[in-house]
Amino acid sequence: MSSARDNILKRLRARPCEAEAAPKKLSPKYGWSQQEKIAHLTHQMQSVRTEVHRVGENHWVNWLNSELPKRKLTRILTGNGSEGRALKENAKHPLQVKSYLSNIEQFKSELFNDIDAGITTTRGGIADTGSLIIWPDENEPRLLSLVPPVHIALLKADKIYESLAQAVEIQDWKQDIPSNVLLVSGPSKTADIQQTLAFGIHGPKQLIVLILE
């Protein structure tokens, strides 16, 4: 066995190493306008049961105050950034808004049993695949978008990119990319059980995206 391994390694070492040219700077793939990017992203996300709404950038809290009670989603969990603070300050009855606690052990039971929806911001959106870029950090940990049965994501219209490559280039990910970046295209789903598609098995069963314009 060792002889065969040595022979393989010997042949590999004998092969000349050719340096590859550095890739050219990525450029926009399609040249879509902002409205076209919104349309493509919306179509792709709706095709996998994502609910998408376009709202004014300063009116998303009003939308939540109006729409969530109709859906019996009143126990809301937010992050600790500016959006979370804005919702806490402006939420109206019957919404009950709570902020994510840094120590999960302090509210694990409440997180898994007493929260109807988690609200997060996004780093951006990808039009050609219909995906959200989720960028977990200390203000919005991964569990905020993973555990609640409904995930509500805030997406700024001017942060929708044509492709993942374009997002990586324009946002210069190499400078501050975290250890965990998520691409979310729809609610959690699996067909592992008897090849029957089921939602909400490994995460939220419903995804609501608010595009802020």
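Residues numbered from 1 in each chain as written. Predicted model: local features only at pLDDT ≥ 70, side-chain atom pairs only at ≥ 80, totals over all residues. Heavy atoms only, no water.

Caption draft 1: Spatial organisation of the sheet that holds strand E12 (residues 206-212). Read from one edge of the open sheet, 6 strands run E1-E12-E7-E4-E2-E3, paired in parallel fashion. Either end of the sheet is taken by a strand with one partner, and the two such strands are strand E1 (51-55) and strand E3 (96-99). Put simply, the sheet's adjacent strands are angled 25 degrees from each other on average, direction ignored. In this sheet, E12 lies alongside strand E7 (residues 150-156) in parallel orientation, the contact comprising 7 bridges. Across the sheet, Leu-154 pairs through a bridge with Leu-210, a residue of E12. Against the sheet, helix H3 (residues 60-67) makes contact with E1, strand E4 (117-121), E7 and E12, and its axis sits at roughly 145 degrees relative to E12, the strand it touches most. (Pairing = 2+ DSSP bridges. Helix = DSSP H or I, 4+ residues; strand = E, 2+ residues; numbered from the N terminus. Axes fitted to C-alpha atoms, helices over the stretch in contact; angles between N-to-C directions. Contact = heavy atoms within 4.5 Å.)

Caption draft 2: Structural view of the nonpolar core. Trp-60, Leu-64, Leu-68, Ile-76, Leu-87, Ile-152 and Leu-210 are the most contacted members of the largest nonpolar core, which has 19 residues in total. Elements that contribute at least two residues to this core include exactly H3, E4, E7 and E12. Of all the elements, H3 adds the most residues to this core, at 4 residues. Filtering out sequence-adjacent residues up to four positions away, Leu-210 remains in contact with His-53, Val-55, Trp-60, Trp-63, Leu-64, Ile-152, Ala-153, Leu-154 and Leu-155. (Core = buried A, V, L, I, M, F, W, Y, C linked by side-chain atoms within 4.5 Å. Buried < 20%, exposed > 50% of the residue type's maximum accessible area, 1.4 Å probe, protein only.)

Caption draft 3: Here's a closer look at the sheet that holds strand E9 (residues 182-184). Judged by pairing direction, the sheet is mixed, and its 4 strands sit side by side in the order E8-E5-E6-E9 without closing on themselves. Sheet topology places strand E8 (160-161) and E9 at the edges, where each strand pairs with a single neighbour. In this structure, strand E5 (residues 124-126) lies alongside strand E6 (residues 131-134), joined through 3 bridges in antiparallel fashion. By the bridge assignment, Gly-125 is partnered in E6 with Leu-132.

Caption draft 4: Spotlight on the packing of aromatic side chains. Within this structure, the stated rule accounts for 3 aromatic pairs. The interplanar angle of 10 degrees and the centroid separation of 4.2 Å between the aromatic rings of Tyr-30 and Trp-32 together place this pair among those described as stacked. An angle of 75 degrees between the planes, with centres 5.1 Å apart, marks the rings of Trp-135 and Trp-173 as edge-to-face. Here Trp-173 lies in the loop between helix H7 (164-171) and E9 and Trp-135 lies in the loop between E6 and helix H6 (143-146), a separation of 38 residues in the sequence. Each member of the pair, Trp-135 as well as Trp-173, carries the same accessibility label: buried. Above the face of the Trp-135 ring, Arg-123 is positioned so that its terminal group lies 4.0 Å from the ring centre. (Phe/Tyr/Trp six-rings, centres within 6.5 Å; stacked < 30°, edge-to-face > 60°. Lys NZ or Arg CZ within 6 Å of the ring centre and 35° of its normal.)

Caption draft 5: Local environment of the packing of H3 against helix H4 (residues 82-90). Running from N to C, H3 and H4 cross one another at 50 degrees; their axes reach a closest spacing of 10 Å. It follows that H3 is oblique to H4 by the angle criterion. Considering only the axes of H3 and H4, their crossing is right-handed. Mapping the contact onto sequence places Trp-60, Val-61, Leu-64 and Asn-65 in H3 and Glu-83, Ala-86, Leu-87 and Asn-90 in H4. When grouped by side-chain class, the residues that make up the contact of H3 with H4 number 5 nonpolar, 2 polar and 1 charged. (Parallel < 35°, antiparallel > 145°, perpendicular 65-115°, else oblique. Left-handed = near helix turned anticlockwise from the far one by under 90°. Nonpolar A, V, L, I, M, F, W, Y, C, P; charged D, E, K, R; others polar.)

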